[in-house]
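Examining the three-dimensional arrangement
Each chain, written out:
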Amino acid sequence: MITGTRDFLASPRFTQALTETIVGVALATFAVRALFGWPGSIAVLSALVVLAALSLAGQPERVEWRGVLPISLIALFSLMTVSLIWSPYTWATLGGLAYAAAYAFLGVYIALVRDLIQLVRAVGNALRVILTASFALEILSGVLLDTPFGWIGIAGDLASGGPIQGLAGTRNALAFLGTLAALSFWIEFRTRSVSRGLTAYSLALAGATIIFARSPVALLVLIAVLIVGLALVLIRRQKATAQRATQSVLLISIVISGVIAWVFRGPIIGLVDAAADVEERTSVWSAVGDLVAQQPVLGWGWVGLWPTSVYPFSSIVSSSGQQPDSALNAYADMWLQLGLAGIVVLLAALGLAFIRAWFVATDRRSTVYVWPALTLVLLATVSMTESYLLYEGGLLLFVTSAFAAARNRSWRGRFD
C-alpha cells in the first residue's frame, strides 16, 4: 500500500499534474485568495508543499548534489531569515518568511522534477486556463450582465474596450500574465510542442489579454523582452568566435541601459503611464524613501507582501488614499525591508541568474533555452513598477528560472 502510494506520487503523470497545479495557483493566487480568503489560500499552498515534498521523496534520483539552489539565492533567503533578529514585527517577518519559503520550495521542486520544455508546457497550460477563465468572467461581467464583480476585482469594462483585470486582480498583473503567456506560447510554437490550432488560439488569447488590459507597464516590459529576444536571435545565429565580442558589447549596453532606466525611471514611466498612476506610484515611493532613510543598511525586516495593519507599512498611504500592499517597485520594496544589503544580494542573484541563462540560451540549439533568460528580463523589467518578483508567482518564476540556468551552467558541474 505504502509502496503503491509512493510510486503514484512519484509517477510522471502525477508530477505533471502537480506542476501545472502549482504554476496555476501561484500565478492566480489573487483569485484563490478572493475565493477562499487568506486561510483557504494558506491551506491550498500548504497542501501543495506537502504533495511536492512527498513526490520529491518518492524520486530521490532527481535530487543531484550539484543541483542545489544557486548560492546567491541561498544568500538572499538567509538574509530574509536573519532579519528576524532586528525586525520590530517578528511574527509578521516569520509569517512572510514561511510564505516566501513555500513558493521557493515549490519552484525548486518544479526545477528538479521537470525539464525545461516540460516547465514551459506547464506554464503554457496553466496560463491558457487562467486567461480563458479571465475572459469568460469579463464577458459575463462586462457584456452579458453589465455589472462589476467586485469580489474578484473585475470592473466589467470589457464592452468599452477595457481595462480588464480578469483573475489577476489588476490590469498590470493581468498584462504581466499576458506577456508571460505570449513568451511561453511562442516557445511552444518554436519547439512544436502543441498543435497549430492551439498555438493560434493561445497567441490570440495572449495578444487580446495585453490589448484589453491596457496596461502602460506592459509596453515597457514588451519593449525590453523584444530587444533582448532579438539580441538572442542574432547571437544564436553567429559563429562561436563572433559571439564573444557581440556578447561583450551587449552586456555593456545592457548595464548602461539599466542604469539609465533606473536613474530616469520617473520620466520613463511617465511616457507610458497615465498621470494618475504616476502620481500613485511616486507618492508611495516618496513615503518608502522616508522610511528607508531611517533604516538604510539592513532595512526594517522581511515581510514580503505588506501587512497593512503593522507599522511602518500602516503609515504609507498613496495619493488616492489607499493603503498599498507593496512598494509598487521590487527594488524599493527590498530596500525598505532588507536595506542596502538586501538590494545588493537581490541584484547579485538576479544578475548571476540572467548571465547564466544568457550563456545557456546562446550555447544551446533548442529555442526552449531562451525561456529562462527572457522570463528573468520580464521579471526584472516589471519590477520597476510592481513588486511581483518578491512574492507568490513572481518569486516562483524567479527561483525556477535561476535554478534552471544554474543547473545547465554551474561551476559545480566541474566536480561531476
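Residues numbered from 1 in each chain as written. Predicted model: local features only at pLDDT ≥ 70, side-chain atom pairs only at ≥ 80, totals over all residues. Heavy atoms only, no water.

Next up on the list: the packing of helix H4 (residues 71–82) against helix H13 (residues 330–363). Interhelical geometry of H4 versus H13 gives an angle of 170° and a closest axis separation of 8 Å. In terms of their interaxial angle, H4 and H13 are classed as roughly antiparallel. Between H4 and H13, the contacting residues are Ser72, Leu73, Ala75, Leu76, Leu79 and Met80 on the first element and Met334, Leu338, Ala341, Gly342, Val345, Leu346, Ala348, Ala349 and Leu352 on the second. Residue composition of the contact of H4 with H13, grouped by class: 13 nonpolar, two polar and no charged. (Axes fitted to C-alpha atoms, helices over the stretch in contact; angles between N-to-C directions. Helix = DSSP H or I, 4+ residues; strand = E, 2+ residues; numbered from the N terminus. Parallel < 35°, antiparallel > 145°, perpendicular 65-115°, else oblique. Contact = heavy atoms within 4.5 Å. Nonpolar A, V, L, I, M, F, W, Y, C, P; charged D, E, K, R; others polar.)

The next thing to look at is empty space enclosed by the protein. Counted by the stated rule, this structure contains one cavity of 30 Å³ or more. Lining of the largest cavity is provided by Asn172, Ala175, Phe176, Thr179, Ser215, Val217, Ala218, Val221 and Val382. Elements that contribute at least two residues to the lining of the largest cavity include exactly helix H7 (171–190) and helix H9 (216–236). The element that contributes the greatest number of residues to the lining of the largest cavity is H7, accounting for four residues. Split into classes, the residues belonging to the lining of the largest cavity amount to six nonpolar, three polar and no charged. (1 Å grid on protein atoms, 1.4 Å probe; cavity = no way out; pocket = protein on both sides within 12 Å on 5 of 7 lines; lining within 4 Å. Points joined across faces, edges and corners; volume = space filled by probe spheres on them.)

Inspection of the entire model under this criterion finds four salt bridges. Across the pair Arg33 and Glu392 runs a salt bridge, and its minimum N-O distance is 2.8 Å. Placement of Arg33 in helix H3 (residues 29–57) and of Glu392 in helix H15 (residues 392–408) is noted, with a sequence separation of 359 residues between them. Between Arg128 and Glu188 there is a salt bridge whose closest N-O contact spans 3.0 Å. One end of the pair, Arg128, is in helix H6 (residues 116–144); the other, Glu188, is in helix H7, with 60 residues separating them in the sequence. The two residues Arg128 and Glu188 agree in class, both being buried. Connected via shared salt-bridge partners are Arg121, Arg128 and Glu188. (Salt bridge = Lys/Arg side-chain N within 4 Å of Asp/Glu carboxyl O. Buried < 20%, exposed > 50% of the residue type's maximum accessible area, 1.4 Å probe, protein only.)

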